[in-house]
Every structure is written in C-alpha cells, then in structure tokens.
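# Architecture and fold: a report
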Amino acid sequence: MINQKYLKIIFAALAILLLLVIVYVFQSMQDKEVKERPALRELAHKEGFYIGAAVNADYLDKDGLYRKTLDREVNMVTAENEMKFDVIHPEKYRYDFSKADKIVDFALKNRQKVRGHTLVWFHRIPEWLKKGRFSRDEMKLILKNHIQTVVGRYRGQVYAWDVVNEALNEDGSLRDSIWLRTIGPEYIPLAFKWAHEADPNALLFYNDYGIEGMNPKSNALYERLKQYKMNHVPIDGVGYQMHSWINRAIDFHDLKKSIDRLGGLGLQVQVTELDIGTAEPVQSSQSAKAKKQADYYAGALRTCLSSKACTAFVMWGITDKYTFRNKVEKPLIFDGTYKPKKSYWALFSTLENKKIEK
Ligand code: 9MR
C-alpha cells in the first residue's frame, strides 16, 4: 500500500517535471525566434524613420511582456492619456506628473522618442476649469501657464507635442470648445507660440482625425495652416490619427496627395493613432479579415514611406490585449498573447523590402 502511494507521488512529480520541461523548451524556442528576427524599430531606424505606439502607464507598471514588446519593437511612444489636461492638471494650483513621468522615464531608458499628447483639446477639461466662469484674460493666462508648465517640465525630453487636438468640424469650421468660446480662434496660434517659448526644440503638431483624405475638413485645414505659416506661427507638422476599419477602405492615393500637399507648406506629417478594426463584415472569416488588416497596415506604411514629408508611423497601442476600442475589433499588430499577427509581418516586410524613395 505504502509503496503504491509513493509510486503515485513519484509519477505525479515526474509528470509535473515533464510539463515544466516542455513549457521551458517552448518558451526558449519562442524567445529564440524573437531574438533572431530584427525588430521593427531596427528596420525603421536604418531609414531614419520612427515607428511608434501609444502607451499606458498602468499597463507599463503591471505587465512585463507589454514593456518587453514596446521596448523591443518601437522607437517612439505617445502617452495615451497621462498628459491630458484633467490628468496632469487636476486642480487650478496642482499638477500631477506622476503617470506622465513613468512614460517619459520608460522611453528615455529605452532610447525612444516621446510624442506628448495633448495640450489643448475640447475634451478632458477638469471640473475646476469647466465651472470656473473665467474671463477671457484669465483663460488666456490659465492656458499659457498650463502649456508652459507641462512643456517646460519635459523640455528636451518630449520630441514632439500634439499642441492642439481635434479643433475642426467635418466641414472645416472651428469646433465649439471652452477655448474657442472664451479666447476665440486665436487660441490656436497662441497655443503654438506658448509651446514654442517653453521648448524651442520640440516639434509642434496639430493633430486630428478625418484629415488623411482630400475632403472639406482637410482642405480647410490646409488653408488655415497656410495662413499660420504666412504669419510665422511656430507649427512643424500635422498628425493624422487614422482610427480605421477594414470595411472602410483607406484611399492611399488621397492619403499621399494630402501628405504631399502639407509637405508643400514645409510641414511634416506623422501618422499618430493608427489602428484598424476587424469586427465587420461579420460574414468574413477570421483569416480573411486578418489578411485585409495586414494589407491596410502595409498600404498605410508604404504610402507614408513614399512621401518625404511623412516622418513617423504611430499606432494607438501595440497589442489587442489593450485597446480603447471594443475588444472584438482586434485592431493592433500583436494579438492578446503578444504573438505577432499578419499585420505585424506586413509592416515588417514593408520596412525590410522598401528602400525609402524620399
Ligand atoms: O485611447 C484613449 C482612451 O483611453 C480615452 O478614454 C479617450 C478619452 O480621453 O481618449 C482615447 O484616445 C483618443 C486620443 O486622445 C485622441 N484621438 C482619439 C483617441 C481615441 O478616442
């Protein structure tokens, strides 16, 4: 009896040991595969180009594979939420840089450029500001102090700022916001001026969605930026957000045209928030959807690389495990277990094969 009991224990121990060996071998094979392929950032770096992702300080804290994947694959990161007004400036006389610092420290340690997002937006306005009933002059002072405190803190560390975010309506008119209502349209050029004073070396961007095509919104933006340039507003570039879907085709021809048009004003363009949802059409197979997503990622990157003005390609996340979109969209280039998807390989071969014709 006793012998049999011991035998059972020994078998169980052996079975566990065998399982551990299998897991170990499998993990080492995966690690070897990861170590042997060059990372996207290495391929991009060779071409003097930035490939990036939005990052989130909470996930950096708790998920080692998230950190490892970001560190390995991208040479640019954007703070997804940590630099937004309500997070970084929660009370009139109090700033909270703790989360933003985590992202900047992570990036500097990993030799990644930081995109600061975002200084002036209609959204994420803290209660103290919403309810303050401030006069025009007070609002100007609040905005100036906000911009100069935040930009000043990261002077020399943040490579590019989304100074103004989503200030236009679909028809190209100025969107209603607390800034437009209180300060008037000059809040935009003033914001660029104040940011430039706080860090003359940072690149300053206007960031928006729906401007990657040729349409009333991108036409109006172009005209507005032409004026700003004529008036020496210190603006360096335009961010194309590009949250997209596989069932809504990106027109690469128009994308190139709009990038080159802004390039003609001496502006850079950066793709700033790309992700490509795959939930629709429901009747397509998973593998057909994955293939279509990969084709879109590759097409967008190829178009960006083909224009001299396009200097960075940033996705709104890195893994389907963490996306602001509905999880079923699976919009990013690593799956939920950090396995590279077809879309990853599409970017990989686009960067590897394409000698950039700038
Ligand atoms: O991904 C961000 C999400 O976690 C926030 O809840 C949301 C509101 O602040 O903003 C999301 O990011 C947006 C970005 O800041 C600006 N362009 C659109 C992005 C997606 O909504």
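Note: the structure precedes this text.
In what follows, the accompanying structure is described. (Residues numbered from 1 in each chain as written. Predicted model: local features only at pLDDT ≥ 70, side-chain atom pairs only at ≥ 80, totals over all residues. Heavy atoms only, no water.)

### Remarks on the overall build of the protein
Put simply, the rule reads: Secondary structure is summarised from DSSP: a helix means a run of H or I of at least four residues, a strand means a run of E of at least two, and numbering begins at the N terminus for each. We call two residues in contact when some of their heavy atoms are within 4.5 Å. Surface accessibility in these figures is a Shrake-Rupley result with a 1.4 Å probe; residues are shielded only by whichever protein chains are displayed.
Each helix and strand counted, the protein has 14 helices and 9 strands in total. Taking the principal axes of its C-alpha atoms as reference, the protein extends roughly 90 × 45 × 40 Å. Within the protein, contacts between residues at least 6 apart in sequence are counted, and of these 78% link residues at least 24 apart. As presented, the protein carries roughly 17,300 Å² of accessible surface, and 56% of it is formed by carbon and sulfur atoms.

### With respect to the packing of helix α13 (residues 286-306) against helix α14 (residues 342-353)
Helix packing for two helices is described by the angle between their axes and how far apart those axes are. Under the convention used in this document: Axes, fitted as lines to C-alpha atoms, cover a helix only where it is in contact. Angles between the N-to-C directions of the axes lie from 0 to 180 degrees. The cut-offs work like this: below 35 degrees is roughly parallel, past 145 is roughly antiparallel, 65 to 115 is roughly perpendicular, and the gaps in between are oblique. Two helices that cross are described as forming a left-handed crossing if the nearer one is turned anticlockwise from the farther one by less than a right angle, and a right-handed crossing if clockwise. Residue type decides the class: Asp, Glu, Lys and Arg count as charged, Ala, Val, Leu, Ile, Met, Phe, Trp, Tyr, Cys and Pro as nonpolar, and the leftover types, Gly among them, as polar.
Across the interface, α13 lies against α14 with an axial gap of 8 Å and an inter-helix angle of 30 degrees. With respect to each other, α13 and α14 are oriented roughly parallel. Between α13 and α14 lies a crossing whose hand is right-handed. Along its contact with α13, which presents Ser287, Ala290, Lys291, Gln293, Ala294, Tyr297, Ala298, Leu301, Arg302 and Leu305, the element α14 presents Lys342, Ser343, Ala346, Leu347, Thr350 and Leu351. Class assignment of the residues belonging to the contact of α13 with α14 gives a composition of 9 nonpolar, 4 polar and 3 charged.

### Some points on the state of the cysteines
Applicable threshold: Only a pair of cysteine sulfur atoms within 2.5 Å counts as a disulfide in this structure description. Here's how the labels work: a residue is buried when its accessible area is under 20% of the maximum for its type, exposed when over 50%, partly exposed in between, all with a 1.4 Å probe on protein chains only.
Inspection of every chain in the model, using the stated rule, returns 1 disulfide. Between the sulfur of Cys304 and that of Cys310 lies a disulfide, 2.1 Å long from S to S. When the S-S torsion is -95 degrees, as for the bridge of Cys304 with Cys310, the disulfide is left-handed. Each member of the pair Cys304 and Cys310 is classed as buried.

### Quick look at the packing of aromatic side chains
Put simply, the test is: Ring pairs are drawn from Phe, Tyr and Trp, using the six-membered ring of Trp, whenever the two centres fall within 6.5 Å, and their geometry is named by plane angle: stacked under 30 degrees, edge-to-face over 60, tilted for the rest. Criterion for a charge above a ring: Arg CZ or Lys NZ at most 6 Å from the ring centre, at most 35 degrees from the ring normal.
Tallying each qualifying case throughout the model produces 15 aromatic pairs. Centroid distance Tyr344 to Phe348: 6.2 Å. Interplanar angle 35 degrees. Geometry classified as tilted. Of the two residues, Tyr344 and Phe348 are both situated in helix α14; the distance of 4 residues between them amounts to about one turn of the helix. Here Tyr344 falls in the buried class, since its relative accessible area comes to 0%. Sitting over the ring of Phe205, Arg115 keeps its end group 4.9 Å from the ring centre. When the ring centre of Trp245 is taken as origin, the NZ or CZ atom of Arg325, which lies over that ring, is 4.7 Å away.

### Overview of helix α10 (residues 187-198)
The condition that has to hold: Here, expected helix span is obtained from the residue count minus one, scaled by 1.5 Å.
The terminal C-alpha atoms of α10, which comprises 12 residues, lie 16 Å apart, in line with the 16 Å expected from a rise of 1.5 Å per residue. Of the positions making up α10, those classed as buried are Tyr187, Ile188, Leu190, Ala191, Phe192, Trp194, Ala195 and Ala198. Against the buried residues of α10 lie β3 (113-120), α8 (136-153), β4 (160-165), α9 (178-182), β5 (203-208) and α11 (216-230).

### A look at the site of the ligand
Rules: Nearness of a residue to a molecule or strand requires only that one of the residue's heavy atoms be within 4 Å of it. Polar contacts here mean pairs of N or O atoms no more than 3.5 Å apart (in protein, one a potential hydrogen donor and the other a potential acceptor; neighbouring residues in sequence count only if both atoms are side-chain atoms).
Glu80, Lys84, His117, Arg124 and Glu273 are the nearest of the 14 residues found near the ligand. Contact distances for the ligand include 3.1 Å between a nitrogen atom and a side-chain N or O atom of Glu166. Glu273 places a polar side-chain atom, nitrogen or oxygen, 2.7 Å from a nitrogen atom of the ligand. In isolation the ligand exposes 460 Å². Once the protein is present, 77% of that is buried. Split by residue class, the shell around the ligand holds 3 nonpolar, 6 polar and 5 charged.

### Quick notes on the packing of helix α12 (residues 252-263) against α13
With their axes 9 Å apart at the nearest point, α12 and α13 run at an angle of 30 degrees to one another. With respect to each other, α12 and α13 are oriented roughly parallel. Relative to α13, the crossing made by α12 is right-handed. Only Tyr296, Gly299, Ala300, Thr303, Cys304 and Ser306 of α13 make contact with α12, whose side of the interface consists of Phe252, Leu255, Lys256 and Ile259.

### Details of unusual backbone geometry
Between His117 and Thr118 the backbone carries a cis peptide bond, its omega angle lying at -5 degrees. Take Thr118: it is sitting in strand β3. Note the cis peptide between Glu280 and Pro281, where omega equals -5 degrees. Examined against the element boundaries, Pro281 turns out to sit in the loop between β8 (268-277) and α13.

### Considerations on the pairing of strand β9 (residues 310-315)
Consecutive side chains of a regular strand alternate in pointing toward one face of the sheet and then the other. Counted only if it meets this: Pairing between two strands is assigned when DSSP locates at least 2 bridges connecting them.
In terms of burial, β9 is largely enclosed, as 5 of its 6 residues are buried. Strand direction decides the pairing type here: strand β1 (residues 50-55) and β9, joined by 4 bridges, are parallel. Each bridged residue has a counterpart across the sheet, and for Ala53 the counterpart in β9 is Met315. Bridge count for β8 against β9 is 4 bridges, and the pairing is parallel. Paired with Val271 across the two strands is Phe313, which belongs to β9.

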